[in-house]
Amino acid sequence: MIASGLKLDVYLGESRTSGRRLAADALMACFARHGLEVAALYRGIEGFGIGRRIHTERFPDISTDLPLIAEAIDTRERIEGVLPDVDALVDQGLVTLEHSRVAIGDDERTADFPRGIGDAGRLTVYCGRGARAGGRPAYRAVVELLRRAGAGGATVLLGVDGIHDGARRRAGLLSRNADVPMATIAVGPRDVLQRALAALPEVLERPVANLERIAVVKHDGEQLEPLPSIPDDGDEDPPVWMAIRVYTRQSARADGGALATALTRRMRRSGAAGITTVRGEWGFSGDQRPFGDRFGTVASHVPTYTVLVDRPRRVAALWPEIDELTTRHGVVTAALVPAYRERAGEVERGRLAIPPPPA
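Residues numbered from 1 in each chain as written. Predicted model: local features only at pLDDT ≥ 70, side-chain atom pairs only at ≥ 80, totals over all residues. Heavy atoms only, no water.

(A) Representation of the overall build of the protein in the model. Of the regular secondary structure elements, the protein holds six helices and 25 strands. Computed over C-alpha atoms, the radius of gyration of the protein comes to 19 Å, within 12% of the 21 Å expected from 2.2 N^0.38 for 359 residues, which places it in the range of a compact globule. With respect to the three principal axes, the spread of C-alpha positions in the protein is 50 × 50 × 45 Å. Looking at the protein residue by residue over its 359 residues, the buried ones come to 57%. Within the protein, counting contacts between residues at least 6 apart in sequence, those at least 24 apart form 79% of the total. Put simply, the protein shows about 15,300 Å² of open surface, and 48% of that area lies on carbon and sulfur atoms. Taking the 48 positively charged and 48 negatively charged side chains of the protein as two groups, their mean positions are separated by 4 Å. (Helix = DSSP H or I, 4+ residues; strand = E, 2+ residues; numbered from the N terminus. Rg over C-alpha atoms; globule rule 2.2 N^0.38 Å. Buried < 20%, exposed > 50% of the residue type's maximum accessible area, 1.4 Å probe, protein only. Contact = heavy atoms within 4.5 Å. Areas by Shrake-Rupley, 256 points an atom, 1.4 Å probe, with all protein chains shown as cover. Lys, Arg positive; Asp, Glu negative; His and termini not counted. Charge placed at Lys NZ, Arg CZ, Asp CG, Glu CD.)

What follows is the structure in structure tokens.
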């Protein structure tokens, strides 16, 4: 199957409730009830949102309300069908929608990227943590395929809850979390990613992939594309927002500390709408061997994935600081967010109505 799709992201706090349930649990149950193709819940390691308070797992600022990202992909019709329930469940947080293309199974051999800003693509491949391919974990086989195809890097995120292969999978305290969803994300030239995509059916039994058009603005300090310029007349609710994503590793440094931490604190100080960082499980960058945490190492080399979503004029104002902090490390990308809804208490901005994808 190849279909015009939507990617739904919900940014919320771990302690948020919906009725008598945790909001994140209610969201995953909602996605399962609607039979969505793929969904994953990622636990962040630090971030802040509309409330402006930083939440982090690091001492001495340890928080019991870590940021979460709930993600779902499917066809446009099925994602639009779940939006009323999502709107009712999430009374505080940010909900965004982005255009994508969903490809499943053998049809991935001929899938291409949708139109959008920038010259590059973002490819996300989903599998279960316990899936195997060629005698090794499937996500590592996907990373190796991307390396062989010439991709410049990849980041693997582990879900703590989600939907894959038609069933809800949840991490357990005493289980090995074998079936929870994992997402392998690669960004770069579209022809390179399509080469990897065409070979995916040889690696995974039923591959599920999401394709998005983006701009890769920087790679380890080198500017590859200009930051997209989007008209913004200063309206409180502009027609589109922009997502800036930074892919690096936990050992990358800036401002005397971890790069992801420096981004969080600088963006909060400068008035950004919010930012979330998720720790990855595995990945690679450039011609380096794939990396993750290993016994006997002091610094953590696992990849990190940081996302900031804000109004285009705010992104433009924040860019000099993002540019400075990523002078040496990180892949920085930009993408359009054509529908969003931000809510906290009596404050609500935006709406979850998305225009058709670019022709």
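(B) A look at empty space enclosed by the protein. Under the defined criterion, the tally for this structure stands at two cavities of 30 Å³ or more. In this structure, the largest cavity spans a volume of roughly 50 Å³. Lining the largest cavity are D9, Y11, Y42, I69, E71, R122, L157, A183, I185 and Y305. Broken down by secondary-structure element, the contributors of at least two residues to the lining of the largest cavity are strand 1 (2-13), strand 6 (67-75) and strand 14 (181-189). Class assignment of the residues belonging to the lining of the largest cavity gives a composition of seven nonpolar, no polar and three charged. What lines the second largest cavity is I244, V246, L263, M267, I275, T306, V307, L308 and I322. Mapped onto the lining of the second largest cavity, the elements with two or more residues apiece are strand 17 (241-249), helix 5 (259-269) and strand 22 (303-310). Top element by residues in the lining of the second largest cavity is strand 22. It accounts for three residues. When grouped by side-chain class, the residues that make up the lining of the second largest cavity number eight nonpolar, one polar and no charged. (1 Å grid on protein atoms, 1.4 Å probe; cavity = no way out; pocket = protein on both sides within 12 Å on 5 of 7 lines; lining within 4 Å. Points joined across faces, edges and corners; volume = space filled by probe spheres on them. Nonpolar A, V, L, I, M, F, W, Y, C, P; charged D, E, K, R; others polar.)

(C) The arrangement of unusual backbone geometry in detail. One non-glycine residue, D220, lies in positive phi territory at about 50°. Tracing the sequence through the fold places D220 in the loop between strand 15 (208-219) and strand 16 (222-223). The phi angle at D255 is positive, at roughly 55°, despite the residue not being glycine. The residue D255 is located in the loop between strand 18 (253-254) and strand 19 (257-258) in this model. The class of D255 is exposed, set by a relative accessible area of 53%.

(D) Geometry of the packing of helix 3 (residues 138-149) against helix 4 (residues 190-199). Two numbers describe how helix 3 lies on helix 4: the axes approach to 9 Å, and their chain directions differ by 135°. Viewed along their axes, helix 3 and helix 4 adopt a mutual orientation that is oblique. Pair helix 3 / helix 4 crosses with right-handed handedness. From helix 3, L145, L146 and A149 reach across to helix 4, where they touch V192, L193, R195, A196 and A199. (Axes fitted to C-alpha atoms, helices over the stretch in contact; angles between N-to-C directions. Parallel < 35°, antiparallel > 145°, perpendicular 65-115°, else oblique. Left-handed = near helix turned anticlockwise from the far one by under 90°.)

(E) Expanded view of the packing of aromatic side chains. Counted by the stated rule, this structure contains two aromatic pairs. Relative to Y305, the ring of Y247 lies with its centre 5.4 Å away and its plane at 45°, an arrangement referred to as tilted. With a gap of 58 residues between them, Y247 in strand 17 and Y305 in strand 22 connect regions that are remote in the sequence. Judged by relative accessible area, Y247 falls into the buried class, the value being 7%. The ring of W282 has R140 lying over it, and the distance from NZ or CZ to the ring centre is 3.7 Å. Over the face of the ring belonging to F284 we find R147, whose NZ or CZ atom lies 5.8 Å from the ring centre. (Phe/Tyr/Trp six-rings, centres within 6.5 Å; stacked < 30°, edge-to-face > 60°. Lys NZ or Arg CZ within 6 Å of the ring centre and 35° of its normal.)

(F) Quick peek at helix 1 (residues 23-33). Summarising burial for helix 1: eight of the 11 residues are buried, a large majority. The set of residues buried in helix 1 consists of A23, A24, A26, L27, M28, A29, C30 and F31. Where helix 1 terminates, the next one or two residues include G35, which has phi positive at roughly 65°.

(G) The arrangement of the pattern of salt bridges in detail. Evaluation of the coordinates by the stated rule reveals 32 salt bridges. Close ionic contact of R109 with D106 constitutes a salt bridge, the shortest N to O distance being 4.0 Å. Of the residues examined, D106 reaches a relative accessible area of 54% and is grouped as exposed. (Salt bridge = Lys/Arg side-chain N within 4 Å of Asp/Glu carboxyl O.)

(H) The nonpolar core, seen in detail. Grouped together as the largest cluster of nonpolar side chains are 33 residues, with contacts concentrated most on L123, L146, L193, L197, L200, L204 and L211. Of all elements in the fold, only strand 8 (120-128), helix 3, strand 11 (153-158), strand 14, helix 4, strand 15 and strand 21 (282-285) reach the threshold of two or more residues within this core. When residues in this core are grouped by element, the largest group, eight residues, is from helix 3. Contacts of L193, omitting those with residues within four sequence positions, involve F113, G121, R122, L123, L146, A151, A186, V187 and G188. Ranked by size, the runner-up nonpolar core spans 30 residues in total, among them Y42, Y126, V208 and A243. (Core = buried A, V, L, I, M, F, W, Y, C linked by side-chain atoms within 4.5 Å.)

(I) Representation of the pairing of strand 15 in the model. Among the 12 residues of strand 15, 11 are classified as buried, and the element is accordingly described as predominantly covered. Of the strand pairs in this sheet, strand 7 (residues 92-104) and strand 15 are connected by four bridges, and their pairing is antiparallel. Each residue of the ladder has a partner; that of V102, found in strand 15, is N210. Pairing of strand 8 with strand 15 involves seven bridges; the strand directions are antiparallel. Paired with A120 across the bridge in strand 15 is I214. Alignment of strand 15 against strand 23 (residues 331-337), held across four bridges, turns out to be antiparallel. In the sheet register, K218 faces strand 23, and the bridge partner there is V332. Here strand 15 pairs with strand 16 via two bridges, running antiparallel. Bridging across to strand 16, H219 finds its partner in E222. (Pairing = 2+ DSSP bridges.)

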